[in-house]
Every structure is written in structure tokens, then in C-alpha cells.
Amino acid sequence: MTGPDAATATPAVGTPTTVATGAAEQQSTPHGIGASLPAAEAMAKAQGTYPYAADLWAEGLLWAAVLRSPHPHARILSVDTSEAAALPGVRAVVTHEDVPGDATHGRRVADRPVFAKDTVRHHGEAIAAVAADHPDTARLAAAAIQVEYEVLEPVIDPERAFSAPPLHPDGNLIRHIPLQFGDPDAVGEVVVEGLYRVGRQDPAPVGAEAGLAVPRPDGGVELYVASTDPHTDRDLAAACFGLEQDRVKVVVTGVPGAMGDREDSGVQIPLGLLALKTGCPVKFVATREESFLSHSHRHPTLLRYRHHADAEGRLVKVEAQVLLDAGAYADTSSDALAAAVSFAAGPYVVPHVFVEGWAVRTNNPPSGHVRGEGAMQVCAAYEGQMDKLAAKLGLDPAEIRMRNVMATGDLLPTGQTVTCPAPVGELLKAVRDADLPPLPVDDDESEWLLPGGLEGAGEPGAVRRGVGYALGMVHMLGAEGTDEVSTATVRVHDGAATVICAAVDTGQGFATLARQIVQEVLGVEDVRVLPSDTDQPPAGAAARGRHTWVSGGAVERAAKMVRTQLLQPLAGKFGMSAELLSIAEGKITSYDGVLSTTVEEELAGKELWATAQCRPHPTEQLDETGQGDAFVGLAFCAVRAVVDVDIELGAIRVVEMAVAQDVGRILNPAQLRARIEAGVTQGVGMALMEDLRAPRGVIKRPNLTGYSLPTALDAPAIRVVRLVEERDVLAPFGAKAASAIPVVVSPAAVASAVRAATGRPVSRLPIRPQHAVARPQT
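Quantities reported herein were computed from a predicted structural model and do not represent experimental measurements. (Residues numbered from 1 in each chain as written. Predicted model: local features only at pLDDT ≥ 70, side-chain atom pairs only at ≥ 80, totals over all residues. Heavy atoms only, no water.)

Turning our attention to the sheet that holds strand 11 (residues 190-198). Spatial strand order, 10-18-17-16-11-30: six strands in an open sheet with mixed pairing. A strand with exactly one partner marks an edge of an open sheet, and here the two such strands are strand 10 (173-181) and strand 30 (764-765). When strand 16 (residues 301-309) meets strand 17 (residues 315-325), the two strands line up antiparallel, connected through nine bridges. The partner of Arg304 across the bridge, within strand 17, is Gln321. (Pairing = 2+ DSSP bridges. Helix = DSSP H or I, 4+ residues; strand = E, 2+ residues; numbered from the N terminus.)

So, about helix 8 (residues 333-342). One full turn of an α-helix is made of 3.6 residues, so residues set three or four places apart face in the same direction. Counted residue by residue, helix 8 has eight buried out of 10 residues, so it is predominantly covered. Buried residues along helix 8 sit against strand 10, strand 17, strand 18 (352-360), helix 9 (375-393), strand 19 (463-479) and strand 27 (631-646). (Buried < 20%, exposed > 50% of the residue type's maximum accessible area, 1.4 Å probe, protein only. Contact = heavy atoms within 4.5 Å.)

Moving on to the side chain of Lys283. As for its position among the elements, Lys283 is in strand 15 (residues 282-285). Of the side chains bearing the opposite charge, Asp55 lies closest to the buried Lys283, which forms no salt bridge; the N-O distance is 6.4 Å. (Lys, Arg positive; Asp, Glu negative; His and termini not counted. Salt bridge = Lys/Arg side-chain N within 4 Å of Asp/Glu carboxyl O.)

Attention shifts here to the pattern of salt bridges. Here the structure, examined in full by the defined rule, presents 38 salt bridges. By sharing partners, the salt bridges in this structure join Glu193, Arg306, Lys317 and Glu319 into a single network.

On the secondary structure map, Val663 appears in the loop between strand 28 (651-662) and helix 15 (669-688). Exposure remark for Val663: the relative accessible area of 1% places this residue in the buried category. Expressed as a C-alpha distance, the spacing of Val663 and Asp157, which sit 506 residues apart in the sequence, is 39 Å. With residues up to four places along the chain from it excluded, the contact list for Val663 reads Leu672, Leu723, Val724, Glu725, Gly734, Ala735 and Lys736.

Leu765 connects to Pro766 through a cis peptide bond whose omega is 0 degrees. Mapped onto the secondary structure, Pro766 falls in the segment after strand 30. Residue Ala204 is not a glycine yet carries a positive backbone phi of 45 degrees. Secondary-structure assignment places Ala204 in the loop between strand 11 and strand 12 (210-215). By relative accessible area, which is 13% here, Ala204 ends up buried. Even without being glycine, Phe733 reaches a positive phi, approximately 70 degrees. Its location among the elements puts Phe733 in the loop between strand 29 (717-724) and helix 16 (740-758).

By the definition in use, this model includes five aromatic pairs. Here the guanidinium or amino end of Lys45 rests over the ring plane of Tyr50, the centre of that ring lying 5.1 Å away. (Phe/Tyr/Trp six-rings, centres within 6.5 Å; stacked < 30°, edge-to-face > 60°. Lys NZ or Arg CZ within 6 Å of the ring centre and 35° of its normal.)

With that out of the way, let us pick up the packing of helix 9 against helix 16. Their axes nearest at 8 Å, the elements helix 9 and helix 16 cross at an angle of 30 degrees. Classified by the interaxial angle, the pair formed by helix 9 and helix 16 is roughly parallel. Helix 16 is crossed by helix 9, and the crossing has right-handed handedness. On helix 16, the residues touching Ala375, Met376, Cys379, Ala380, Glu383, Gly384 and Asp387 of helix 9 are Val743, Val744, Val745, Pro747, Ala748, Ser752 and Arg755. Considered class by class, the residues forming the contact of helix 9 with helix 16 number nine nonpolar, two polar and three charged. (Axes fitted to C-alpha atoms, helices over the stretch in contact; angles between N-to-C directions. Parallel < 35°, antiparallel > 145°, perpendicular 65-115°, else oblique. Left-handed = near helix turned anticlockwise from the far one by under 90°. Nonpolar A, V, L, I, M, F, W, Y, C, P; charged D, E, K, R; others polar.)

Quick look at the structure:
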């Protein structure tokens, strides 16, 4: 399927029209696959001129505000909007009564109301929205809406959700997976048990949620938002608006950071309703507090484990119970649970695995997709168990892991064979054998390197160094039958190429990769990637490395089709096939050297284009015993953490994180290392400080003062000691996802190092000072 007019979208005022670098600018810049090509928008972002949704403007603009519930659980007795509607400057107030289409929405399960109708199920749930001619007026009007509540007792303990009254018509249990693999009666000579808890991590994007809705003359609406999956967002919004899908258009603006939170539809649907009701453009910019209250977070998780091993430390059986707190609505909790249960034993060979996994509704803040969901939580638990086994058997923590590592050809506990490269032992050996950082020097100039910093009040004599290890795995692309497909068009005209693909660049570098692919295949230096919108064919969500694989694969196929169009006539003149011609460094040459010309000469005056799709092989749903080929591919990582701990105060400083990662193939070295470093830093934040607390279901201090994030002073030295390039033959270019796996493994590695320094079990993330104080000797 091909067509010359694949992109006709018109962006809003201030929206970037292209992601491009001119040929003159690239003459001295390496390009193509394997080069560290800089992002085209990097300079604009660094200078603060790159437009995001919060920067957009339109003639006759109104401003939106949302009224949110102060209670985690309550019955709504009445909603009175008359006072708000009467305020000067207020143009519209909408509640559940003003939703003309579907009253609920959701990416997997349509269980979340656009506006709460009878019941409030979490703190911050939307009750109503207002449009006014000034943002302050909109906020005042939202505050003037009178809501009478009957406050109900919230269910905040996920274990209580099993016996509590239903919080939702669908009940409290979202999914149960009882994985069974091997012999339930198998036992080992050595048994260790553990109870682990993982807290609620917030994505904390650099830019809070924002958007602009513009009504269309045909009665439809255009939504300018930082979407990571514009077609799904369009479909959900159209269903709620009661409109056909072709009357709703989503245009992707600059995405100011995305770790899953951009999948929420809580901005665009109220905006669209207000724009349709007023007939005016409506803009919304969330405060930081609203951002914390509205988007999804990492699932808080309770994990119980029992590991069996023989006297040599080889694993015999793993038993586990995994309980995910989904919060009020289902969102992507089913997907997270599937990953958690499937990877509950880690990248180790275990002949017998039995896992019970549940995802339940509570009145806690909503949980959803955040990098490595499910896999991160179980990694923290099974690596804690490996440390316990090593201590009980008197083995080195790295050695016991080495005796159990998975390799290509082994089975997952789901019964699926690991067909992709799985160099787990090689990764572990790389971090184990890497040089350790030097010990701190006890002098005045180095005091700032102590845990707690210069004024940490600690004594150098109380500082202990710990070294810890962790191995982990994630799946790439969607799972359990998800139809992963992406479409791309490549068009070449007058020596310049244009890529049209709805894949959203959230900072992971897809736009840069697409340019590199076209440069590599066609030898064209001037490549532009058009912005994403729903006038283009779907490309799916920007998650789990899928755009590198699926959308990158579509771009490659389209580029190769254009290459064939370019080379076939030329080859025909010389009586040879196009396969005998090669393109390199802007030149076209034949295998025998008879033909030699430039790409620029052959493209002069020509317009060539092609559209292609990429669809990986299908997967299947896990069955009633947790068995099935549910995953397209896997990626692995090993991390060695070195920490200094003040064992009297419990202060922790991460000295160094050594990383070895399975990357398949390096497509852009600088971009890859940046993604690894970012992932490790996010993992360190989860290990030591990030915990969005919600006592009795109410988020405590929802701001960047109350929620601690790692700064440049908290980021450790990150050393990439090995990148294993063993190409996955199923993936285009052989590359693997790179961003999520360091997030998954790093918290477990830090916890392992703190155990080594203190002798404490460390069974909670994030690690609090009281958990890192060494117990007195008795």
C-alpha cells in the first residue's frame, strides 16, 4: 500500500512542523546506523525554544480547570454548578451529565469515568471541568462548584481488597494468574523465605500535563496533546464525545518526558468536551499537584517468596505470591501482572516454579504503565532471595548467581523457550570482574563524598562500603496476543527524504533513528521526520522499545522499497540486477566497479515514495496455569552497585553503578548510553528516595518538594562496562530495547549493596535510613 499524500496534518500555532537537519548542516556529521547522530531538536530544547503543549495558543482561547475530589472514597450526594456558571467570564461547566458518548474509558478495561457520577474512588478523581476566559477565573469557578459528599471508609490495604465490599461494579479483583511449572512437591536442601514491599513511584515528568482543544467546522475537534499513542487516544476520546473517529484528530505536541504517565486520557477528554460545548479553543495546563493526583504511578507491590536450592546453590524451586495494588481502576494492571508473574524467578534456570499473582482495586491513587512495570518489583524480591541463599550457603553473591544464569534455549516458567540471545552469564561476569572504585580518602577535601554530604553529621569511622549485584529481564513490545503493527512512508524528492510515521518520539530518539535508517539505506543526508498525528496510519504506543523494533522496521522496509525504485532502472541499463548495486557514502557502485555514480545525481528531478508495515510474529495469552508463548523478545542486564553506608545514621551514598547490558546492536552509541544512564538514575531514585505516600488514600504533599527525586548530586558514577552486541534475528537491525531494563535492575543492585554493607535484610524499596542502620552486636 503506497500513497504520495500520507501527511497533510496542520499543527497548531507554535507546534514544531518538522524534525529535520539540512544537508549543509550534516556534511561533517557522521550519519547512518551506528553513528552518534545528535537529535535534531536538541538545540531548540536546550535553548528553551522548542514548543510544548503548554506553549500553544489560538484565537479566542479559553482556559480550563478541573475540580477534583478531596476524598479517596465517597458517595456523591449532589453537585451544584450554578454558582460557578454565574461567575463573570465563565463560558461552560461540564459534569458527567454533559458526556454525550461513553461515560467511561480505559486502555484495557473501560472502567474509569470521565467524571465521577455517584462514587469517588480515589483522591483527585475528576468531578467537573470549567472553561473561562482567564485561568484564574477558571480555577475560582472550579472551586465554587458545590459537591455534597458522604465520606466512606477507604480500602487502602490491597490484602483487604479480597474481603472488602466491591469498590467497582466489576469487583475488586482485576486479574489472577496461578502460574504452575514443574513438580509442586519438589524441595531443596536449603530453603529461604522473604517478605518484600515496593513503594509507589511517580513518573514525575519534567513538564506537567497540558493540552489544547480546537473545535472544527464539521462539529468535530482537534486535540493538541503530548500523547504517546495518538490513535488510541483519538478512539477513546471519540467514543466519549459520541463522534465518529474521523471527526476527532489528535496532533502530538512536544513530549516533555514520558515514563508511562502520558498514556492517561484525563486531559484530552475534558478539554474536548469543553471545546465542543463552547465552540472555542480551550487550553489546560496542570499544576504540579494536579499532575501527581491525576496520572498513573508504579504499582505498589507486596511479594512473598520461598526459594529452594541444593547444597551447591543451584535453584530447585521458587514459590511466590505477588500482589499488585492497581488503585481505583484497572488501567494496564493486567499487563503488569503478566510480566511480574512470568519473570518472578528472574533470569535463572529454575526447574519448578509456582507463582500466585493478583492485581486488585483499592482506593489508593491509580497505578499504570511505568518503565519495567511488574518486572522491577519482582526483581527486587528474587534478588533479595539470591542474597539470602548466598549468605546461608556461605557463597559469594556473584557466584551463586553465576551457577544459575539463564541462556538461550532455556525455558521461562511460562513454558516459552528463550529463542533470543540471552548472554546473562557474560553480563554478570563483566560487572563482577570490573575494577572497583577506590575507597574514599579521609581528609577535609573529601568529606562531601561521605553519606549525607558535608553537613551529614556522620563520622568517617561509621561508614561501611558494600558491593551488591542484580540481574534482571524485561519483555519487548506488547505481550499476550497484542497486535503490534506500525506503518511508515518514506518519500524522496529533489535529493531530500521525508519520513511519515505516527510513532511518537518521547525522548527515546525515534526521530533520530528514523533519519539514520533512511541515511543508511538510501545514502540521502537530508532527512526530515514529520510530526505525528492521527491523519497518519497508526504506529502504536511509545513503550517497551516497540518503536525501535516495529516503527523502525516499517521505516526500513519503506526505505528499501524506495531503494529498489531507485536502483532497478539503473541496474537495467547495465544488464544486471539491483541486488548487485550498493549504496555507501552517497555513492552507488556495482559489484565489479563498472558502474559508479552518486545518489544525488540519480535522484535529481525524481520523486519516489513507498509505504510499508512491520508486524512481529504473534504471541498468545497465558492460559489458566500461566503457560504460553506470551512475549516477542527479551532483554537482559546486570548491575553491580557500590555504596557507602553510615551504619549509625543510615545515610546511604551510591558510589558507582557498573552496568553490562544486552543491546542486540548499537544503533546510536551516544543515545544508547544516555538512555542507560537515565534508566540507572531512575532506578537509584526508586531504591533510595522515590515513594509517593498516600496515608489513608490521600496523597501526601503532591509536589516536587514533598516527593524526592534524584538530582545531579544524587546521581552516582555510572560506568557501562560491557554492551553485548548479539543480534536478535527477529528484530529489525537486531537491536533490543534499552531504556526499561536498567530501571528494573538498579534498585535491586542498590539494595544488595546495602545488605552487604550493613548485614540487614533490606526488604523494602525505597530503603529508609532506619533500614540501613547496622544492628548492634550481641
